[in-house]
Amino acid sequence: MTRRRAALIVRTVILATLIALLEIGCRTGLVDPLTVLAPSDMFAAMIGQLRSGELDASIITTFSTITIAFLLAVVLGMAIGALIHRVSRLRDVADPLLASYYSVPTFIFYPLLVALLGLGKAPLVVLGILSATPAVVIGTLSGLDSVAPVLTKLARVHRLSSARTLRWVVLPAALPHLFTGFKLALSYALIGVIAGEFILSGTGLGYAISFAYQSFDNRAMYGAMLFVLLVAVIANGILYVWEGRLARRRSRG
């Protein structure tokens with residue numbers, strides 16, 4: 001059994017144990033059901049909302065926004081990271097900013113973005129990009145830093161073009177760090193978009209959760225929250241599995 005699989009099993013057991021304890025606490029009255037629903041009730045509420053179609057429009061709105069923000073953040077973050085890595089003076093300026101970037105809650109700029117871009121998807125996309133791009137920049141810088149100089153020298157000896165060097169030397173060496181940046185960027189894009197919807201938007205899953213909370217509809221609120229959580233876990237799980245497969249291919253190669 002590999003270390004990755006063993007770690008996955010341990011995390012799964014811990015999560016299942018916590019869910020079971022919460023279920024027992026809710027069923028025995030140790031946890032007030034007006035405050036927290038039992039996990040089984042949350043799941044039932046989520047299934048009911050999905051079957052009724054009441055979340056369909058919110059799901060499409062939120063996840064299309066997250067997808068656009070994530071893809072743009074990946075492209076922009078990799079380009080910025082490559083530029084910073086190439087220009088040493090720019091690296092000296094950018095490193096302290098990147099290190100402290102997440103100490104500022106970027107969603108506080110949402111009202112300003114609404115004033116500049118108007119209501120709709122645009123300010124949420126920008127908010128997602130602002131949240132996710134630095135993670136990709138940091139991952140790109142870490143990945144490029146991890147490429148051994150001997151590999152690039154070997155590429156020059158074999159007279160590989162810049163495109164071939166990038167394809168066969170740089171990307172395989174940098175992939176583990178890049179995927180770490182991608183996983184963080186996906187999480188930050190989701191947080192940024194849903195936080196924006198929660199605060200001021202009139203559509204999306206964040207708005208649905210906020211509306212249910214203000215209406216004291218715990219079942220609808222926890223059902224929507226559970227759906228967002230499961231989608232986030234599944235998306236990160238797919239990236240985790242993909243990263244593992246690429247790592248195995250790299251080790252075999």
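Here the structure is a predicted model, which is why all the values come from computation and not from measurement.

Draft legend 1. Up close: the overall build of the protein chain. Within the protein chain one finds 10 helices and 0 strands. Its helices and strands taken in sequence order, the protein chain reads α-α-α-α-α-α-α-α-α-α from the N to the C terminus. Principal-axis analysis of the C-alpha atoms places the extent of the protein chain at approximately 70 × 55 × 30 Å. Among the 253 residues that make up the protein chain, the fraction classed as buried is 36%. Counted over contacts in the protein chain with a minimum sequence separation of 6, partners at least 24 positions apart contribute 74%. In the structure as shown, the protein chain presents an accessible area of about 15,300 Å², 70% of it carried by carbon and sulfur atoms. Across the protein chain, 22 positive and 11 negative side-chain charges occur, with their mean positions spaced 21 Å apart.

Draft legend 2. Region of the structure containing the layout of surface pockets. Approximately 740 Å³ is the volume attributed to the largest pocket. Leu15, Ile19, Leu229, Leu230 and Val233 are, among the 21 residues lining the largest pocket, the residues nearest its centre. Among the secondary structure elements, those contributing two or more residues to the lining of the largest pocket are α1 (3-28), α2 (39-52) and α10 (218-252). Residues that form the lining of the largest pocket fall into these classes: 16 nonpolar, 4 polar and 1 charged. When contributions to the lining of the second largest pocket are tallied by element, the ones reaching two or more residues are α3 (56-86), α6 (121-145) and α8 (162-199). Examining the composition of the lining of the second largest pocket, we find that 5 residues originate from one element, α8, more than from any other. Taken together, the residues of the lining of the second largest pocket sort by class into 9 nonpolar, 3 polar and 1 charged.

Draft legend 3. Summary view of the side chain of Thr140. The topology assignment puts Thr140 in helix α6. Those residues within four positions of Thr140 in sequence are excluded, and the remaining contacts are Gly77, Met78, Gly81, Ala82 and Leu178.

Draft legend 4. Looking closely at the packing of α3 against helix α4 (residues 88-100). Taken N-terminus to C-terminus, the directions of α3 and α4 make an angle of 120°; their axes are 5 Å apart at the nearest point. By the angle between their axes, α3 is oblique relative to α4. Here Leu83, Ile84, His85 and Arg86 of α3 lie close against α4, whose contacting residues are Ser88, Leu90, Arg91 and Ala94. In terms of residue class, the contact of α3 with α4 is made up of 4 nonpolar, 2 polar and 2 charged.

Cut-offs applied
Residues numbered from 1 in each chain as written. Predicted model: local features only at pLDDT ≥ 70, side-chain atom pairs only at ≥ 80, totals over all residues. Heavy atoms only, no water. Helix = DSSP H or I, 4+ residues; strand = E, 2+ residues; numbered from the N terminus. Buried < 20%, exposed > 50% of the residue type's maximum accessible area, 1.4 Å probe, protein only. Contact = heavy atoms within 4.5 Å. Areas by Shrake-Rupley, 256 points an atom, 1.4 Å probe, with all protein chains shown as cover. Lys, Arg positive; Asp, Glu negative; His and termini not counted. Charge placed at Lys NZ, Arg CZ, Asp CG, Glu CD. 1 Å grid on protein atoms, 1.4 Å probe; cavity = no way out; pocket = protein on both sides within 12 Å on 5 of 7 lines; lining within 4 Å. Points joined across faces, edges and corners; volume = space filled by probe spheres on them. Nonpolar A, V, L, I, M, F, W, Y, C, P; charged D, E, K, R; others polar. Axes fitted to C-alpha atoms, helices over the stretch in contact; angles between N-to-C directions. Parallel < 35°, antiparallel > 145°, perpendicular 65-115°, else oblique.

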